[in-house]
Amino acid sequence: MANPKVSIGIDIGGTFTDVVAIDDNGRLHIAKVPSTRSDPSAAVRTVLNKLLPEWKIDPADVVRFAHGTTVATNAVLERKGARLGLLTTDGFTDVIEIGRQNRTQIYDLILKPETPVFLAPGARRRGVVEAIGLAGEVVTPLDQASLAKSVDELVAEGVEAIAICFLFSFVNGAHERQAAEYIKQRHPHLIVSISSEVDSTFREYERTVVTAFDAYVKAGLDRYLASMESDLQSAGIPATLQIMQSRGGVCSARVARQRPIRLFLSGPAAGVVGARESGQSVQQQNLITVDIGGTSSDIALIANGELVIRPEGLLDGFKIRVPMVDVNSIGSGGGSIAWIDAGGGLRVGPQSAGSEPGPACYGHGGADATVTDASVVLGLLNPGYFAGGTMQLDPALARKAVEERVARPLGLTLEQAALGIHRVVNVQMAEGIRLVSISRGIDPRSFTLVAFGGAGALHATALARELDINAIVVPRYPGVLCASGLLSAMIEHEASTAFLHKLDVADPKAVEAVCEKLSAECAGRMREEGVDASRVTTSYCADICYVGQAYHIEVPLDLTDPGTMIQKAYEAFIALHDKIRGHSTRSPARFVNLRVVQRAANRATAPISMSATGARKDASKGTRKILLHGADAYVDAAIYDRDGLAPGQVIRGPAIIEQTDTTTLVEPGWLATVADNEVLLLTREQPA
Amino acid sequence: MNTMQTTVDPITLEVVRNKLDGIANEMQQTLLHSAFSPIVKEGMDCSAALFTADGQTISQATAIPIHLATMIPALAAVIAKYPVEGMAPGDVYILNDPYCGGTHLPDITLFVPVIVDGFPLGFSVATVHHQDVGGMTPGSVPTNATEIYQEGLRIPPLKYIEAGVVNHTLDQILRYNIRMSDMFMGDLNAQLAACTVGARRLAELSKVYGAAQLVDIFTRLLDRSELMTREALRKLPQGTFHYVDWLDNDGVELDKRVRLEVAVTIDDGTIHFDFTGTDPQVRGPFNTVPSGSRAAAYYAVRALTDAQIPTNGGCFRPVTLHLPEGSIVNPVAPAAVNARTATIKRICGAMVSALADAAPKRVPAASAGLSLMMAFGGKRADGTPFILSELVAAGTGASDGSDGVDCLQTDGSNSMNQPVEAMGIDAPLRVTRFGLRADSGGAGRHRGGLGVVREYVFHADDIRFTYRGERHFTQARGSAGGGGGAVSRATIYRKDGRTEEILSKCVTTVSRGDRLVVETAGGAGFGDPKTRERDAVAADVANRKVSAEAAASEYGFSQRGDRA
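For clarity, every value in this text was computed on a predicted model and none was experimentally measured.

## Examining the overall build of chain A
Next up, step 1: Within chain A, the secondary structure is distributed over 17 helices and 36 strands.
Next up, step 2: In terms of overall size, chain A behaves like a compact globule, its C-alpha atoms giving a radius of gyration of 27 Å where 688 residues would be expected to give roughly 26 Å.
Next up, step 3: Taken over the C-alpha atoms alone, chain A extends approximately 80 × 70 × 55 Å along its principal axes.
Next up, step 4: Every one of the 688 residues in chain A was classed for burial, and the buried ones make up 55%.
Next up, step 5: Sequence-distant contacts in chain A: of pairs separated by 6 or more residues, those separated by 24 or more amount to 67%.

As structure tokens, this is what we get:
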């Protein structure tokens, strides 16, 4: 009998590389190996050379290999991209340096530049005489002599890559293509990115920045993917290398290297995709995902099973216009430090003890009281079973820190102080979640919380209480959710372009024509990675705003009837505007961009089957005294080992469920039910 | 305020404080998201706050510091006219008149009293800079106004909505006096939505904590921020520090500079700003009512003290001002005030720069401190009207540790520029150049930030053009031996060959084929230019921020790489 086929997901994060392998019988392996910053693919070789043999997986059986990488992101953080030149319309070479002129720290007296000038300082920026008009007409033909001179000068500056961004190229990219062609002919070794291909939408600063970043990371990413493909090949793995994109879909490495910018910040996207799968596996379609780590928490929303995509993200403080899963970071996490301000008030964060020295209870010399220390004082964490027993926590150090740094200065008991730290950090996280939800027109009360990351499940019931949320999902392996998210992501290609026409005068045929062109672009990419057209679903949408408004809303487009297409889009826009922004009027509206997204399902992975994975442990681990908000004294909480819980089992709070990668707190009034796939669903005994 | 004494533990205090900040942020988010006009969306010219029933700020979300605390006198005027006891749920108050507590006419504030079981808990308040409030020019910021009557519609404290019913008379007057009234009503609705959110959540809080305890918490939070601010002020250099700076002119008498003088006295946990020596009020619209001078003072205090102090009304208690009556910082009605931003920005700069010598590590050399306002209005070829306004920044001052930043908003304001591609969509004009202005940053061991050059050509006739510049005549001054920044310039090149230099302010008409070139000022340098690192000068030359000539004359640097 042939071996079962295997799917592998590998997510390389800053500190750890997470690996998930699952075969067609549902047999699951997970692992965490340290990441190597200098050579990120080293972790992948460890998996291939060490873990596969250990897990008795034959490389020839690996039919899927999905990968999330921070290589593009790191190239920016470490300033290790190409030596870049920038070509712009003559008279606009400084747009990338001027930016939008606003500052992020409004009360600082000593100010810092807000734009990514490092990509191409003035000496490596040149203009080209040309002009395109708003309607796409050629106002001034591209001046060949100025192009030749500028390119020569950039080459003389030793550039390895050139980004081209001309004004109004989003309506007519001919001049950009002409310039790119010229460079390819004369200097075939140079990498070139043009703005009308990278991000064909209006606003020149934002388009310049995204195009420059694209060219900056392209060569490095290409080298990285090529070497990984060759590693897979020499290991004998037949699967195509798939890469996670910022929007939460995967694509083949071959297509990914053409649009490297689409890989920025794809790590958090994979986590949200994994959280969605966990939620959907227990029939929850409206989800707020919260990933609580050491220094920060990441919050994202899923409405009706759809990821919320935002048009731009933040990388190293720079806004980059790349559509990405809307993940919002707030500065509260397990390592957040509790301190007393000059007015005698208790504050928590935003300073964090990080991983070094870490919370006081780590025993690495940290003296500050952190949220994790408070968790130890309250009995919520098992000092002997932290991070899967790889780390011994010292409760005495936790107590000392909370006592000295918080309890004594405030005149509180140790327990009151620890509870206080939790109350404050929980309200901060809850307000963060509320703000993210509200600003997207979502009432958190009707949503289900998906808690992951090391500390997510510890704070989940408290957050749900603050937000009047009635249900919480804790994934089976919250610590490697990014890697499992890679396996549940669909193949996705997206194409968009500016379409600046008022709705009342727009020609539905023109809308159709643009959508067809964009579909063909996506279909080409699908073909390139060998996806059969019959598996592909296509969705159309338009970014629409009121005339005069600067921010748009994405509205689905129904192309079936050209006669009603625009009217339907207008009605949908008004309904969404009312939902997201709290009001609407029947004022004139305008298209901003048209967008086509094509998706195709990957080979399905089998549901995890524990009987295939290994013998069940005994679930019950006795009781421990814990202290909770609203209680006067320590109470006995039943302690369970997650690995021993059986599907269908119901646990009534107060209880604590321990596993290698997280601890779940079930507060009184909550029931934890183990689903068939062993996901935990926490519900209130009496809904709020 | 006489509060009932309740027991509040420090944890609950911090929990509620986080919630109050969260509410203000949610209100602000609602404003930014639901407003219509670009000035709110791109300019972030709006803010939201919660107040106690006696008018002290509990929490405020400000995207731009110039709004800090400006709602305080506005709310005071509302309460004075409509005593809190007479207010009812569903009431909404409105105000914009600067002489009744407002700032300038485009800033309209809505106030919603939060009344729980008959108990007045506080106010939920939102301010938006509206695109137009009527008056002599589109955009309602006429540079040549000499009376407030020319600046738009004045709204004293009034009930806009009474127990849920809109005042139809007022509503009609607003609609008939304001250009593009649909956009106006859209922004007003956004304000209403923000106030409603704030009021609802404050009422929810009182259900959890009880109204009496919540009021006690407000008091404690205010006291705590006051205490922290006093502590921080004690750590600043003590004494009296003077600074004098100038505004170009008042837009009416173009050759008359306007003097701003401030004496800052920091003494044992208090700070006092005395404007004795400042010029009398001007005929043009650059007067600022006291709320603006106060906003500048609060900005200066916030920037100079500990950033970790939670901002609320308590922070403002140790701050006092002397604003001579009839001066540009405390004008008498009906003086025009629409262009007060320029004055407030200059005051912010002067207040901070007063400490430049006493605290050189902390206070940088002067920034250009200007936000060039230009407005274009008229008709497109198809006859439809357009209004387009934009704000262009200038260079920031260098500091002891770093160069200034090129073209960045400073002090009181923080607006974005208009993308060149967006301008083409909204108006019949084309921007043909937008770049850094070489040699505009003041020389120094650290160089001042550069201003920008922006050039326009026009594609329609009879476009009404308003220009409101600053720093055309006086430089941002250097620190510790650094040089001043270059002054601003602006010129109209007429189609027929005439050129018109703009003397800092103008209202004129431009037509098809005319060209406009504006150059904003540079920030000042810090330290002796001769001590600037050679590599830094060479990089500036290579990056075309400093010309070879200026490198030689200002820095003693020759292209060969040797100091002359």
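What follows picks up the thread again.
## Some words on the nonpolar core
Next up, step 1: In this structure, Leu-84, Ile-162, Ala-212 and Ile-421 of chain A together with Val-125 and Met-351 of chain B are the most contacted members of the largest nonpolar core, which totals 384 residues.
Next up, step 2: When residues no more than four places from it in sequence are discounted, the contact partners of Ala-212 of chain A are Leu-84, Leu-86, Ile-96, Leu-119, Ala-120 and Ala-163 of chain A.
Next up, step 3: Among the nonpolar cores identified, the runner-up in size contains six residues, and Ala-145, Ile-148, Ala-335 and Val-337 of chain B belong to it.

## Details of helix H3 (residues 71–81) of chain B
All names here are of chain B.
Next up, step 1: Buried residues dominate H3, accounting for eight of its eleven residues.
Next up, step 2: Among the residues making up H3, those that are buried are Met-71, Ile-72, Pro-73, Ala-74, Leu-75, Ala-77, Val-78 and Ile-79.
Next up, step 3: For H3, the secondary structure elements touched by its buried residues are strand E1 (46–52), strand E2 (57–62), strand E3 (92–95), strand E4 (107–116), strand E5 (119–129) and helix H7 (290–304).

## Points about the domain arrangement of chain B
Residue and element names in this part refer to chain B.
Next up, step 1: The domain architecture assigned to chain B consists of domain 1 (10–228) and domain 2 (364–532).
Next up, step 2: The C-alpha-based centres of domain 1 and domain 2 are spaced at 32 Å.
Next up, step 3: Split into classes, the residues belonging to the side of domain 1 that touches domain 2 amount to nine nonpolar, six polar and three charged.

## With respect to the environment of Ile-22 of chain A
All names here are of chain A.
Next up, step 1: As for its position among the elements, Ile-22 is in strand E2 (residues 16–23).
Next up, step 2: Overall, Ile-22 belongs to the buried group, with 26 C-beta atoms counted inside 10 Å.
Next up, step 3: C-alpha of Ile-22 to C-alpha of Ser-7: the two residues are 15 residues apart in sequence and 5.5 Å apart in space.
Next up, step 4: In contact with Ile-22, not counting residues within four places along its chain, are Ser-7, Arg-27, Leu-28, Leu-487, Thr-605, Ala-606 and Ile-608.

## Comments concerning the pairing of strand E14 (residues 297–303) of chain A
Residue and element names in this part refer to chain A.
Next up, step 1: The buried count for E14 comes to six of seven residues, which makes it a mostly enclosed element.
Next up, step 2: Judged from the six bridges that link them, strand E13 (residues 287–292) and E14 form a sheet pairing that is antiparallel. Bridge pairing links Val-290 to Ile-299 in E14.
Next up, step 3: Two elements, E14 and strand E20 (residues 328–330), share three bridges in a ladder whose sense is antiparallel. By the bridge assignment for E20, Asp-298 is matched with Ser-329.

## Things to note about the confidence of the model for chain B
Detailed conclusions should not be drawn from predicted coordinates in areas where pLDDT is low.
All names here are of chain B.
Next up, step 1: When the pLDDT values of chain B are averaged, the result is 92; 96% of them are 70 or greater.
Next up, step 2: Counted against residues more than four places away or in other chains, residues 1–5, with its pLDDT under 50, gives seven contacts.
Next up, step 3: Listed scores for the predicted complex are pTM 0.92 and ipTM 0.91.

## Focus: the interface of chain B and chain A
Next up, step 1: Opposite the 69 residues of chain B that make contact, chain A presents 57 residues.
Next up, step 2: When residues of the side of chain B that touches chain A are traced back to their parent elements, those giving at least two are helix H1 (10–34), helix H2 (38–41), helix H5 (181–209), helix H6 (211–234), H7, helix H9 (420–426) and strand E14 (429–436) of chain B.
Next up, step 3: When residues of the side of chain B that touches chain A are assigned to their parent elements, the largest contribution, 14 residues, is made by H1 of chain B.
Next up, step 4: In terms of residue class, the side of chain B that touches chain A is built from 29 nonpolar, 24 polar and 16 charged.

Reading guide: rules and limits
- Along every chain, residues carry numbers that run from 1 in the direction the sequence is written.
- To label them, take the chains in the order written and letter them from A, then take the ligands in the order written and number them from 1.
- pLDDT decides what is reported in this predicted model: residues at 70 or higher carry local features, side-chain atom pairs at 80 or more are listed and counted, and totals for whole chains, interfaces and linings draw on all residues regardless.
- Helix numbering and strand numbering both begin at the N terminus, where a helix is a DSSP run of H or I of at least 4 residues and a strand a DSSP run of E of at least 2.
- Put simply, the radius of gyration uses C-alpha atoms, and a globule should come to 2.2 Å times the residue count raised to 0.38.
- A residue is called partly exposed when the number of other C-beta atoms within 10 Å of its own lies between 12 and 20, exposed at 12 or fewer, and buried at 20 or more, with C-beta atoms placed from the backbone.
- Working definition of a contact: two residues with C-beta atoms, positioned from the backbone, lying within 7 Å.
- Residues enter a nonpolar core if they are buried, belong to Ala, Val, Leu, Ile, Met, Phe, Trp, Tyr or Cys, and are joined to the set through C-beta atoms within 7 Å.
- Boundaries between domains were set according to an automatic or database domain assignment.
- Residues are grouped as follows: nonpolar covers Ala, Val, Leu, Ile, Met, Phe, Trp, Tyr, Cys and Pro; charged covers Asp, Glu, Lys and Arg; every other residue, Gly included, is treated as polar.
- In short, DSSP must find at least two bridges between two strands for them to pair.
- Each residue gets a pLDDT score, which is the predictor's confidence in that residue and runs from 0 to 100.

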